[in-house]
Amino acid sequence: MSERELYCDTCEGVEPFEAPPCADGHGADCPELVCTGCGAAVLVPSVVFHLARRSGRRRAAARRAA
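Colleague: Is there a simple way to think about the overall build of the chain in this case?
Modeller: Along the chain, the regular secondary structure elements total one helix and four strands. Counting over 66 residues, the chain shows a buried share of 11%. Sequence separation of 24 or more characterises 19% of the internal contacts of the chain that already satisfy a separation of 6 or more. Here the chain has roughly 5,700 Å² of accessible surface; of this, 51% comes from carbon and sulfur atoms.

In structure tokens form, the structure reads like this:
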């Protein structure tokens, strides 16, 4: 079981969280974590969004048009 320290809303403080045995086969990378103090569960998002940046030319053209 992997262990991390996160803020727990139930305990109202920083507590160690650990990944329980995962039935989905994630192993140590399981997105579910459980507070070792009170047993509250959290789900850690594993999706990352990359925002596309506009080039400087498009912004300059948009300013001129306005």
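Past the structure itself, the notes keep going.
Colleague: Help me out: how do you make sense of the state of the cysteines in this one?
Modeller: In a disulfide, the sulfur atoms of two cysteines are held together by a covalent bond. If you walk through the whole model with that rule in mind, you get zero disulfides. Considering cysteine sulfurs only, Cys38 is the nearest to Cys11, which forms no disulfide, with 3.6 Å between them. Under the relative-accessibility criterion, Cys11 is labelled partly exposed at 30%.

Colleague: Please explain the pairing of strand 3 (residues 32-35) as it appears in this structure.
Modeller: Looking along a regular strand, one sees the side chains alternate between the two faces of the sheet. Of the two faces of strand 3, only the one carrying Leu33 and Cys35 is buried; Glu32 and Val34 on the other face are not. Strand direction decides the pairing type here: strand 2 (residues 13-18) and strand 3, joined by two bridges, are antiparallel. Counted as the bridge partner of Phe17 is Cys35 from strand 3. Connecting strand 3 to the antiparallel partner strand 4 (residues 41-43) that follows it, the hairpin turn spans five residues, and Gly39 within it adopts a positive phi of roughly 90°.

Colleague: Sorry, what's going on with unusual backbone geometry here?
Modeller: Even without being glycine, Glu12 reaches a positive phi, approximately 55°. Residue position: Glu12 is located in the loop between strand 1 (3-8) and strand 2.

Colleague: Can you walk me through the environment of Thr36 in this structure?
Modeller: Examined against the element boundaries, Thr36 turns out to sit in the loop between strand 3 and strand 4. Since its relative accessible area comes to 42%, Thr36 is described here as partly exposed. Spatially, the C-alpha atoms of Thr36 and Glu5 are 9.9 Å apart, while their sequence positions differ by 31 residues. If sequence neighbours within four positions are ignored, Thr36 has contacts with Pro16 and Glu18.

Cut-offs used in this document
- Residues numbered from 1 in each chain as written.
- Predicted model: local features only at pLDDT ≥ 70, side-chain atom pairs only at ≥ 80, totals over all residues.
- Heavy atoms only, no water.
- Helix = DSSP H or I, 4+ residues; strand = E, 2+ residues; numbered from the N terminus.
- Buried < 20%, exposed > 50% of the residue type's maximum accessible area, 1.4 Å probe, protein only.
- Contact = heavy atoms within 4.5 Å.
- Areas by Shrake-Rupley, 256 points an atom, 1.4 Å probe, with all protein chains shown as cover.
- Disulfide = S-S within 2.5 Å.
- Pairing = 2+ DSSP bridges.

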